[in-house]
Amino acid sequence: MKSRKVIVVGASSGMGRELVRQLAARGDRVAAVARREDKLAELAAEHPQQILPFPHDVTQPASVPELFAEICRQLGGLDVIIYAAGVMPEVGATEYSFEKDRAMIDVNLTGAVAWLNAAADRFQNVGHGTIVGIGSVAGERGRQGQPMYNTTKAALKTYLEALRNRLSKRGIRVTTIKPGPTATEMTAHLKQTGMMGAEEAAERILRVMDSGKEKFLKPSHAVIFAIIRNIPSGVFRRLKL
Amino acid sequence: MKSTALETSRLRHLTGFGMVSGADAFVFEPRTEADLIRVFQVARESGRKVALRGNGRSYGDANIAEEAIVLDIRRMNRILDWNPETGVLHAEAGVTIEQLWRTSLGDGWWPPVVSGTMFPTLAGALAMNIHGKNAFHSGTIGEHVLEIRAVLPNGTSLTLTPADDAFYELISSAGLLAAITEVKIQMRAVASGDLRVLPLSIANWDEQFATFESLADEADYLVSWIDAFASGRSAGRGLIHAAWYQEESGARPHSLREDHQDLPDTLIFGLPKSMMSNFLRPFNRRGGMRLINAAKFRASRLLGNGRPHPDGLVGFSFLLDYVPNWRNAYQPGGFIQYQSFVPKEHARRVFAEQFRLAQEAKLEPFLAVMKRHRPDRFLFSHAVDGYSLALDFKHTTKRHEDLWRLCHRMNDLVLAAGGRFYFAKDSTLRPSDVAQYLGEETIARFRARKAEWDSEGMLTSGLAQRVGLI
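Okay, so let's go over this structure. (Residues numbered from 1 in each chain as written. Chains lettered and ligands numbered in written order. Predicted model: local features only at pLDDT ≥ 70, side-chain atom pairs only at ≥ 80, totals over all residues. Heavy atoms only, no water.)

### So, the interface of chain B and chain A
Here is step 1: Between chain B and chain A, the contact holds 15 residues from the first and 14 residues from the second.
Here is step 2: Taking both sides of the interface into account, the surface hidden between chain B and chain A amounts to around 1,200 Å²; carbon and sulfur atoms contribute 45%.
Here is step 3: For the interface between chain B and chain A, the tally reads three salt bridges.
Here is step 4: One salt bridge in this structure joins E67(B) and R122(A), with 2.4 Å as the shortest N-O distance.
Here is step 5: Between the two partners, chain B and chain A, sit seven residue pairs in polar contact (both at pLDDT 80 or more).
Here is step 6: Among the elements that take part in the side of chain B that touches chain A, strand β1 (residues 11–15) of chain B stands out by supplying three residues, more than any other.
Here is step 7: Of the residues contributing to the side of chain B that touches chain A, the split by class is three nonpolar, six polar and six charged. (Contact = heavy atoms within 4.5 Å. Buried area = accessible area lost by both parts, 1.4 Å probe. Salt bridge = Lys/Arg side-chain N within 4 Å of Asp/Glu carboxyl O. Polar contact = N/O pair within 3.5 Å; in protein donor to acceptor, adjacent residues only side chain to side chain. Helix = DSSP H or I, 4+ residues; strand = E, 2+ residues; numbered from the N terminus. Nonpolar A, V, L, I, M, F, W, Y, C, P; charged D, E, K, R; others polar.)

### Regarding the sheet that holds strand β4 (residues 80–83) of chain A
Residue and element names in this part refer to chain A.
Here is step 1: An order of β3-β2-β1-β4-β5-β6-β9 is seen for the seven strands of this open sheet, with the pairing classed as parallel. Looking along the sheet, the strands with just one partner apiece sit at the ends: β3 (51–55) and β9 (214–216). For this sheet the average axis-to-axis angle between neighbouring strands, irrespective of direction, equals 20°.
Here is step 2: Strand direction decides the pairing type here: strand β5 (residues 130–134) and strand β6 (residues 173–178), joined by five bridges, are parallel. Residue pairing across strands places G133 opposite T176, the latter belonging to β6.
Here is step 3: Across the sheet, helix α2 (residues 37–46) lies against β2 (29–34) and β3, angled at about 175° from β3, the strand it touches most.
Here is step 4: Contacts from helix α5 (residues 147–167) reach β5, β6 and β9 within the one sheet, and its direction differs from that of β6 by about 160°. (Pairing = 2+ DSSP bridges. Axes fitted to C-alpha atoms, helices over the stretch in contact; angles between N-to-C directions.)

### A look at the side chain of S21(B)
Residue and element names in this part refer to chain B.
Here is step 1: Summarising the element assignment, S21 is placed in the loop between β1 and β2 (22–28).
Here is step 2: Assessed through its relative accessible area of 18%, S21 is described here as buried.
Here is step 3: Those residues in contact with S21 that lie beyond four places of it in its chain are L14, T15, G16, G60, D61 and I64. (Buried < 20%, exposed > 50% of the residue type's maximum accessible area, 1.4 Å probe, protein only.)

### Comments concerning the packing of helix α3 (residues 64–75) of chain A against helix α4 (residues 98–126) of chain A
For any two helices packed against each other, one specifies the inter-axial angle together with the distance between the axes.
All names here are of chain A.
Here is step 1: Relative orientation of the contacting elements α3 and α4 amounts to 55°, with a least axis distance of 10 Å. By the angle between their directions, the pair α3 and α4 is classed as oblique. For the element pair α3 and α4, the recorded crossing hand is right-handed. For the pair formed by α3 and α4, the contact residues are V64, L67, F68, I71 and C72 on the first element and A114, W115, A118, A119 and R122 on the second.
Here is step 2: Split by residue class, the contact of α3 with α4 holds nine nonpolar, no polar and one charged. (Parallel < 35°, antiparallel > 145°, perpendicular 65-115°, else oblique. Left-handed = near helix turned anticlockwise from the far one by under 90°.)

### Considering the pattern of salt bridges
Here is step 1: Enumeration over the complete set of coordinates arrives at 51 salt bridges over all chains.
Here is step 2: Taking the shortest distance from any N to any O, the salt bridge between E456(B) and R44(B) comes out at 2.6 Å. Of this pair, E456(B) sits in the loop between α14 (440–453) and α15 (462–467) while R44(B) sits in helix α1 (residues 33–46); the two residues are 412 residues apart in sequence, bridging distant segments of the chain.
Here is step 3: Close ionic contact of E213(B) with R372(B) constitutes a salt bridge, the shortest N to O distance being 3.0 Å. One end of the pair, E213(B), is in helix α6 (residues 205–215); the other, R372(B), is in strand β17 (residues 367–373), with 159 residues separating them in the sequence.
Here is step 4: The class for E213(B) is partly exposed, based on a relative accessible area of 35%.
Here is step 5: Under the relative-accessibility criterion, R372(B) is labelled buried at 8%.
Here is step 6: When salt bridges that share partners are traced, they join E140(A), K157(A), K178(A), E214(A) and R229(A) into one network.

### Section: the nonpolar core
Here is step 1: The biggest cluster of nonpolar side chains holds 169 residues, and the ones touching the most others in it are I7(A), W115(A), I131(A), W110(B) and F423(B).
Here is step 2: Examining the composition of this core, we find that eleven residues originate from one element, α4(A), more than from any other.
Here is step 3: In contact with I131(A), other than residues within four places in its own chain, are I81(A), L116(A), A119(A), A120(A), F123(A), L160(A), L163(A), L167(A), R173(A), V174(A) and T175(A).
Here is step 4: One finds V6(A), V20(A), V80(A) and A201(A) within the second-largest nonpolar core, a separate group that totals 28 residues. (Core = buried A, V, L, I, M, F, W, Y, C linked by side-chain atoms within 4.5 Å.)

### Things to note about the sheet that holds β2(B)
Here is step 1: Strands sit in the order β1-β2-β4-β3 (chain B) across an open sheet of four strands; the sheet is mixed. What marks the edges here is a single partner per strand, and that holds for β1 and β3 (50–53) of chain B. Averaged over all pairs of adjacent strands, the angle between their axes in this sheet comes to 45°, without regard to strand direction.
Here is step 2: Of the strand pairs in this sheet, β1(B) and β2(B) are connected by five bridges, and their pairing is antiparallel. Among the inter-strand pairings, T15(B) is bridged to a residue of β2(B), identified as G22(B).
Here is step 3: In this fold α4(A) packs onto β1 and β2 of chain B, with an angle of close to 40° to the strand it touches most, β1(B).
Here is step 4: Taken strand by strand, α1(B) contacts β2, β3 and β4 (69–72) of chain B, and its axis lies near 175° from that of β4(B).

### Some thoughts on the packing of helix α1 (residues 14–25) of chain A against helix α6 (residues 198–208) of chain A
Residue and element names in this part refer to chain A.
Here is step 1: Here α1 crosses α6 at 60°, and the two axes come no closer than 8 Å. One element, α1, and the other, α6, form an angle in the oblique class. Crossing hand, α1 versus α6: right-handed. Residues G14, M15, E18, L19, Q22 and L23 of α1 form the contact with α6, whose participating residues are A198, E199, A201, A202, E203, I205 and L206.

### Structural notes on unusual backbone geometry
Residue and element names in this part refer to chain B.
Here is step 1: In the segment running from Q331 into P332, the intervening peptide bond is cis, with an omega of 10°.
Here is step 2: Residue position: P332 is located in the loop between α10 (313–317) and β16 (335–343).
Here is step 3: A positive phi angle is found at E67, which is not glycine, with a value near 65°.
Here is step 4: Of note in the backbone geometry, S172 takes a positive phi value of approximately 95° without being a glycine.
Here is step 5: The residue S172 is located in the loop between α5 (165–170) and β10 (179–186) in this model.

### A closer look at α5(A)
Here is step 1: Across its 21 residues, α5(A) extends 30 Å between first and last C-alpha, which sits within 8% of the 30 Å expected from 1.5 Å per residue.
Here is step 2: The inward-facing, buried residues of α5(A) abut α4, β5, β6 and β9 of chain A. (Expected span 1.5 Å × (residues − 1).)

### Details of the environment of I130(B)
Residue and element names in this part refer to chain B.
Here is step 1: Within the element layout of this structure, I130 appears in the loop between α3 (122–128) and α4 (135–138).
Here is step 2: Owing to a relative accessible area of 6%, I130 belongs among the buried residues under this scheme.
Here is step 3: Residues I130 and F28, spaced 102 residues apart in sequence, show a C-alpha to C-alpha distance of 25 Å.
Here is step 4: The contacts of I130, once residues within four sequence positions are left out, are I97, V113, V114, S115, A125, T140, I141 and Y422.

Shown next as structure tokens:
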């Protein structure tokens, strides 16, 4: 397979880091973008020829256009962008923290829009490219446990669908990934068992990222969440999901 | 170097003519020399390299570079002066060969050297120093240039004539030394817009070379199509076209008019020309092309063999230009053209072996064309006292590696025979191939001129990066 040029935003941990590792291992040239410089340096050291580290805080969207252009220049082009940055702070059942909610909007949504808009603008001019957003099954319904996390992922899903509808006629693929419960730093506080590992999730993402569709990583999720999406609100409210 | 972001509206995905090599780049289209100098300034400020591009007729990656600024010369396309008494034409470098003949033919002048397509710009034609079917006696286009103006990346303009050594370095330097902006060229006087064309069906390699050598002293144009699928005693069979300029009475013969030269809207079997690429696509595979090559050879035996006929200069020179988008028959994978130049003593053996290797790999070229050449003194000269064989290979993702391996094996044959290559056609040369055929002295001379004229190393191309010239 021809080596591709890829940007992964949110590369210092979890699925983002695994994606960078696996892309680099198969010969792709990857720009790893994340806030934590020490983690980026560790990652880049694994494949120094393949991985270019770019420290960046996704809550600073104003710096994205210039950094995006510079990354494309250093990569020598761009074939794929993956937005994998995300936060899901622990939120109490009766807690309404504007700070936590705003952090989720900034990282999960505003940061995604800043990076993926830049990519969409580039790709529509060159007529090729793949945009991948890491969504979540949590965006399927408004749940009691994580109102703003659900909201940001639902908004991301809608935004990516709109990009897909705009850009597919220009030969650009926009893929929304809904990984399902995955064991990462972000989900460590959930204390949930049976979660998929980040390494496995990254393997599955790489298999479907060029599909240009919404993709669950496990076939069973497609069925389960089709049902969940269609549960009437009154019933869903009583399920305490 | 940190870059300043350029407007994304300038971004384009550009490909070489073969549609195999591609790159995303920021396209600038200057209309004047002052505009062009500003493009170099923008490149400097944005920390980007510059690739020079004419009408994109080089087959591979010579006119593209990833993330570079592509300086597209096509809007600098004014004929600055035309003297029908002397045949000297002065033009901006974005003028195409088509503009040349449309300007001059009515007055009885024809471009001294034309490629197989009329769409290259003068800038591209000189950057690659193109040749034509008359290469064996008229050489390359650079030999007919009287004066050339160019802009260096630092904004300095210079004018060169054949009296300057640098003239022979800039022409043929594949756009890596300076941007050519204006050209004065000596056109060739013709008394008629028609040629006398003699088709000769050829049975095998021995007959190919014997016929070329016997006609080289008298014909004005010589070219041979060869059936690359034929093997054994039929290997090398094909069809030679020899052509001669004609005399015609009258001050301005009708044959010199544009409407006499342009080909009709239908080509064969009454099919509109615009449909030809769609018609060809189902045949554009091994089995189909084997049949078409065999049928073309049979037809050459039966139709007009040895019988001269008149043909317009344009139709004879640029037939494929009248089949719109013929290259789309090679979609989706595109195609590469592989052209090697081999001294005459070794040409038969090398070309026969190239065919054998291609047949062994089941990667026969769908089109094979042979021409005769003479050496020239230009820096990156492709010419030899010998022959060239141009091979069109269909490219697919599935057989990409096999095709490159085949080309590298063919390169080895050419190099062992003291042969050369042509950057306008190349997609597969390795740094070691280029180092061997150009030689240390030529590369050192190129690097010295590059250091003098382009000390920032601004001019680049995918080809230059691939073969290690920069």
